[in-house]
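Take a look at the letters that make up each chain.
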Amino acid sequence: MKVVVVESPAKAKTINKYLGKDYEVLASFGHIRDLPAKDGSVDPEADFAMLWELQDKGSQRVSEIARAIKGAEKLILATDPDREGEAISWHVVEALTAKKALKGIPIERVTFNAITKASVDAAMKKPRQIDQALVDAYLARRALDYLVGFNLSPVLWRKLPGAKSAGRVQSVALRLVVEREMEIERFKPREYWSLVATLVTEEGAMFEARLTGADGKRIQRLDVGNGEDAARFKKDLELATFQVASVEAKPAKRHPAPPFTTSTLQQEASRKLGMAPAQTMRVAQRLYEGVDIGGETVGLITYMRTDGVDMAPEAIKDARSVIGKEYGPRYVPDVPRKYTVKAKNAQEAHEAVRPTEMSRLPKQVARMLDSEQAKLYDLIWTRTVASQMESAELERTTVEITAKVGPRTIELRATGQVVKFDGFLTLYQEGKDDEEDEDGKRLPPMAAGDPLKRERIASTQHFTEPPPRFSEASLVKRMEELGIGRPSTYAAVLQTLRDREYVKIEKKRLQPEDKGRLVTGFLESFFKRYVEYDFTADLEGQLDRVSNAEIDWRDVLRDFWRDFSAAIGGTKELRVTEVLEALNGLLGPHIFPEKADGSNPRTCPTCNTGQLSLKLGKFGAFVGCSNYPDCKFTRQLATSGAEGEDDGTSEGGQPGVRVLGDDPATGLPVTIRDGRFGTFLQLGEASTEKDAAKPKRSSLPKGMAASSVDLAIALRLLSLPREVAKHPESGEPILASIGRYGPYVQHGKTYANLGKDDDVLEIGGNRAIDLIVAKEQGGGRGRPSSDPGRALGKDEATGRDLVVKAGKYGPYVSDGDVNATLPKSMSADALTLAEGIDLVNAKRASGGGKKAPARGRKTAAKKPAAGAAKKAPAKKPAAKKAAAKKSAS
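Residues numbered from 1 in each chain as written. Predicted model: local features only at pLDDT ≥ 70, side-chain atom pairs only at ≥ 80, totals over all residues. Heavy atoms only, no water.

**Q** What is the right way to read the overall build of the protein chain from this model?
**A** What the protein chain contains, in helices and strands, is 22 helices and 34 strands. Out of the 889 residues belonging to the protein chain, those deemed buried represent 47%. As displayed, the protein chain has an accessible area near 45,800 Å², and 49% of this comes from carbon and sulfur atoms. (Helix = DSSP H or I, 4+ residues; strand = E, 2+ residues; numbered from the N terminus. Buried < 20%, exposed > 50% of the residue type's maximum accessible area, 1.4 Å probe, protein only. Areas by Shrake-Rupley, 256 points an atom, 1.4 Å probe, with all protein chains shown as cover.)

Structure below.
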């Protein structure tokens, strides 16, 4: 028997079918070991010794593998074909060695780029040993991330209250977002005018031409800078006679883009499908691991973590065959296309992300996939097939036109483009970020010397616009261009920035929160080198050299730690006043924007003598007056944007309090405040009297930025709970409100949390009824969970239906009898039926996970044998009684 170790149970079942009865395939469920989240896990004093610890159910996985390899012929490690996969294989061997379970068993490492029988069989014929250079690169990257996170984050906590963490790549990505926002804020719009003439040929065809020159001088886009100049040009053009000066038609070709890498897949899925990078990778993982097709689980795409753009010769051959069959021989180029990687730090020579079978058309597999999977597969298939199609043939035409008015000559130009042969454009066109489409309109036939008739002259005012905020796609693209981080980590980096509330997404654009600005400002002031783009990219280059066995990984760590530890040590004597002074200077334009009347933006609006300054409080940063405690003016970090700063005053002397206005009904002030558990709204002020009623308060829904809350929104939130519908059976009201666990709807004692796309202020009656009914049918009494679970399917062996649900302690899978918690390495969204069955069976075999009987249900007790003496129950201490009662309930 040969034992094969893969990463997921879904792959294990599929590969076991491919290999047959002579093989036993087990899953490691991702990483089995990790660095404990505590000091000393990486010890620079011991030459960067790393303390690894079996995580989650890693010990159980190792024991299962150890039992399986007893008497086995060999151990075959078949984890994913990237650095993480290499590291997982290395961890398995290290853990088995520590357990003394190997005992001379031969170990082989195999990799396959797709989960198909042909790929797996081919991989088994080409075994190798674990690539230690790849493992070393993983160790170096893991150690660096640990050293930065566990040494820099505590500095932030001490010197910058409210900051949560810093990271080697995370902080640099945040800097990109913050710097773009500062560039937008510094931007000064510039006025310019465009002049467009609508002209008509002798045959009556109409087209447009733009002003390009006058009196022998070229006119650029911004040269006509005011309405007076534009009016003079318009007047002359309305009196001019027009004639074609020249016509130039040039043939051109447009070539298809290469097939997807990890990065380009994330970018294009964001543009075309609206998928976040993390979502794209989850869906791609399911396509890679496979779906049931004709009773067999088949991987639909190749491995989705790759920098490569090349494809296997047989894949190119299949693509050309599909193109000829589906689109005709004209669309098949004479020579197959060959693409090369442009990135200087591209990872191992993997194939691009492509379908495993080109002949498996999207329309054929759509019915076997959910909507997200079908859309992503269609995108991957079309990009791959288009990459091997013939180029599009175009004709670009430029017409130069002269307008004569008296002695003056004005030049105009019309451009157009005609597609002579669509080529790959018949199937696919790559999306763009923040770029205008360069394709012009088709122009009518013209020749030099032809007279033209003026239809109308349009003079239009414009203003230059600031650079756009990053979308997730454009940020991924920029990080890749700069060589920051690895494409396989971008999704996690972006998610961390959102989870830490350093950035928010509005209208699909990334906008930094004030918390993110402060962290970036602090790091640029005191750890500038470690958020520099060149430094981060150079460090990635060194890690790539480690993976190529060119340098020793510990040398990289020694060089980094020598300077980094000195920088950390230099902050021990750093005073808070120094931090505030640095941040005031760096973030001044944001914290103290210029006033319309030109007065000093830092003058206190309450006392008119004090200077406003950034201050650090218990709950984070705020702006206060230098005359404190005589003047108690405070406001939040950024102004609300209303005229004047009086909206930000707080007479209570509490930092982080902003007055939004007065409630029209009660006349009480409505304020937004920073509290111990986050930002909240308050109506009125707290009374000092013991028995006085507390002021009404409301939390902000998750994802709602404090800076976006105005008086109208605040009053709506403070008016909660609100009635949204009547229950269809009881006729009792269903209420919507915000509680400890976030927004919810309530009917009697039944509570159901709102989904991430639900708005507590806008949720309608039908949606609220659906949530309540689903909870009443499948949820426990009073527990705040609106999710009835995602159905996985039926376990044919037991006849039970499996669902995956969100639980108090994380996602779990249940068959109605046994609940099994998902390991951290597994995603609830990506969980398959096969994986769910494995988890439930493993939990049942271990004797755990049994669902407790419903409250109040009586269980049968065994009767004592005849004649047996009744034993008085021992008394329990009060504490134990309470614990037992709680456990029983």
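**Q** When you look at the sheet that holds strand S1 (residues 2–6) in this model, what are you seeing that I'm missing?
**A** Strands pair in a sheet through their backbones, by hydrogen bonds, and they do so in one of two ways: parallel or antiparallel. Ordered in space as S2-S1-S7-S8, the 4 strands form an open sheet in which the pairing is parallel. For this open sheet the edge positions go to strand S2 (23–27) and strand S8 (107–109), each flanked by a neighbour on one side alone. In this sheet, adjacent strand axes meet at a mean angle of 25 degrees when their direction is disregarded. With 3 bridges joining them, strand S7 (residues 74–77) and S8 adopt parallel strand pairing. From the neighbouring strand, Ile76 faces S8, where its bridge partner is Glu108. (Pairing = 2+ DSSP bridges. Axes fitted to C-alpha atoms, helices over the stretch in contact; angles between N-to-C directions.)

**Q** How should I be thinking about the pairing of S2 in this particular structure?
**A** The side chains of a regular strand alternate, residue by residue, between the two faces of the sheet. Counted residue by residue, S2 has 4 buried out of 5 residues, so it is predominantly covered. Sheet topology places S1 next to S2; 5 bridges connect them, and they run parallel. Residue pairing in the sheet places Val6 in a bridge with Ala27 of S2. Taken together, S1, helix H1 (residues 9–19) and S2 form a β-α-β motif whose crossover is right-handed. (Right-handed = clockwise from strand over helix to strand, strands pointing away.)

**Q** For this particular structure, what's the right way to read the environment of Ser63?
**A** Topologically, Ser63 is positioned in helix H2 (residues 58–68). Classification of Ser63 as buried rests on a relative accessible area of 18%. For the pair Ser63 and Lys99, spaced 36 residues apart in the sequence, the C-alpha separation amounts to 8.7 Å.

**Q** How should I be thinking about helix H7 (residues 227–239) in this particular structure?
**A** Every α-helical turn comprises 3.6 residues, leaving residues that sit three or four positions apart pointing alike. For H7, with 13 residues, the first-to-last C-alpha span of 19 Å sits near the 18 Å given by 1.5 Å per residue. Those residues of H7 that fall on the buried side of the exposure criterion are Ala230, Phe233, Asp236 and Leu237. Along H7, the residues classed as buried sweep out an arc of 130 degrees about the axis, all on the same side. For H7, the exposed residues set more than 90 degrees away from the buried face come down to Glu228, Lys235 and Leu239. For H7, the elements touching its buried residues are strand S9 (191–200), strand S10 (206–214), strand S12 (241–254), strand S15 (392–405), strand S16 (408–421) and strand S17 (451–463). Measuring from the backbone nitrogen of Glu228 back to the side-chain oxygen at the start of H7 gives 3.2 Å, which picks out Asn226 as the cap. (Expected span 1.5 Å × (residues − 1). Arc of directions from axis to C-beta. Contact = heavy atoms within 4.5 Å. Polar contact = N/O pair within 3.5 Å; in protein donor to acceptor, adjacent residues only side chain to side chain.)

**Q** I tried to follow the side chain of Thr116 on my own but got confused; where do I start?
**A** The residue Thr116 is located in the loop between S8 and helix H4 (117–124) in this model. On the basis of relative accessible area, Thr116 is assigned to the buried category, the value being 12%. Within polar-contact distance, the side chain of Thr116 engages the side chain of Ser119 at 2.9 Å.

**Q** Just checking my understanding: could you explain the sheet that holds strand S33 (residues 810–814) for this structure?
**A** Taking strand neighbours across the sheet as the criterion, the 4 strands line up as S31-S32-S33-S34 in an open arrangement whose pairing is antiparallel. In this open sheet, the two strands that pair with only one neighbour each are strand S31 (790–795) and strand S34 (819–821). Across the sheet, the mean angle separating the axes of adjacent strands is 25 degrees when strand polarity is ignored. Pairing geometry for strand S32 (residues 800–807) and S33, over 5 bridges, is antiparallel.

**Q** Looking at this model, I keep getting lost on the packing of helix H16 (residues 533–547) against helix H17 (residues 553–569). Mind explaining?
**A** Working note: a packed helix pair is described by the angle between its axes plus the distance between those axes. For the pair H16 and H17, interaxial distance at closest approach is 9 Å and the crossing angle is 160 degrees. The orientation of H16 with respect to H17, classified from their angle, is roughly antiparallel. Listed contacts from H17 to Phe535, Leu539, Gln542 and Val546 of H16 are Trp553, Val556 and Phe560. Classifying every residue of the contact of H16 with H17 gives 6 nonpolar, 1 polar and no charged. (Parallel < 35°, antiparallel > 145°, perpendicular 65-115°, else oblique. Nonpolar A, V, L, I, M, F, W, Y, C, P; charged D, E, K, R; others polar.)

**Q** Where do I start with the pattern of salt bridges in this structure?
**A** Where charged atoms from two side chains of opposite charge come close, those side chains can pair. Using the criterion set out here, one finds 46 salt bridges in the structure. Put simply, Arg168 and Glu540 hold a salt bridge, and the shortest N to O gap is 3.1 Å. With Arg168 in the loop between helix H5 (132–159) and helix H6 (170–186) and Glu540 in helix H16, this residue pair connects regions lying 372 residues apart in the sequence. Relative accessible area serves as the criterion here: at 8%, Arg168 is assigned to the buried category. Note on Glu540: relative accessible area 0%, which makes it buried. When salt bridges that share partners are traced, they join Asp47, Arg554, Asp555 and Arg558 into one network. (Salt bridge = Lys/Arg side-chain N within 4 Å of Asp/Glu carboxyl O.)

**Q** Please clarify how the confidence of the model for the protein chain should be interpreted in this entry.
**A** As a general rule, the predicted coordinates of low-pLDDT regions are not to be interpreted in detail. Summing up the model confidence of the protein chain, the mean pLDDT is 83 and the portion of residues at 70 or higher is 87%. In this model residues 779–787 is a low-confidence stretch, pLDDT under 50, and it forms 23 contacts with partners more than four residues away in sequence or in other chains. (pLDDT = per-residue confidence, 0-100.)

**Q** Help me understand the environment of Glu296 in this model?
**A** Tracing the backbone through its elements, the reader meets Glu296 in strand S14 (residues 296–298). With relative accessibility at 37%, the residue Glu296 sits in the partly exposed group. Put simply, Glu296 and Lys17 are 279 residues apart on the chain and 8.9 Å apart in space, counted from C-alpha to C-alpha. Leaving out residues up to four positions away in the same chain, Glu296 has contacts with Tyr18 and Val291.

**Q** Please explain the nonpolar core as it appears in this structure.
**A** What tends to happen in soluble globular proteins is that the nonpolar side chains get buried as a cluster. Core analysis: the largest hydrophobic core is formed by 80 residues, its most contacted members being Leu160, Met479 and Phe522. Take this core: its biggest share by element is 13 residues, from H5. Residues in contact with Met479, not counting those within four places in the same chain, are Val169, Ala173, Leu176, Ile484, Tyr490 and Val493. Ranked by size, the runner-up nonpolar core spans 74 residues in total, among them Phe112, Met281, Ala284 and Val385. (Core = buried A, V, L, I, M, F, W, Y, C linked by side-chain atoms within 4.5 Å.)

**Q** Help me understand unusual backbone geometry, please; the structure alone is not making it clear to me.
**A** As a rule of thumb, non-glycine residues mostly have phi less than zero, and peptide bonds are mostly trans rather than cis. Cis geometry is adopted by the peptide bond preceding Pro629, which originates at Tyr628 and carries an omega value of 10 degrees. The topology assignment puts Pro629 in the loop between strand S21 (620–625) and strand S22 (634–635). Leu720 connects to Pro721 through a cis peptide bond whose omega is 5 degrees. Locating Pro721 in the fold gives a position in the loop between helix H19 (711–718) and strand S27 (722–726). At Lys508, a residue that is not glycine, the phi angle is positive and equals roughly 65 degrees. Position of Lys508 relative to the elements: it lies in the loop between strand S18 (503–506) and strand S19 (509–512). At Asn608, a position not held by glycine, the phi torsion is positive, near 65 degrees.

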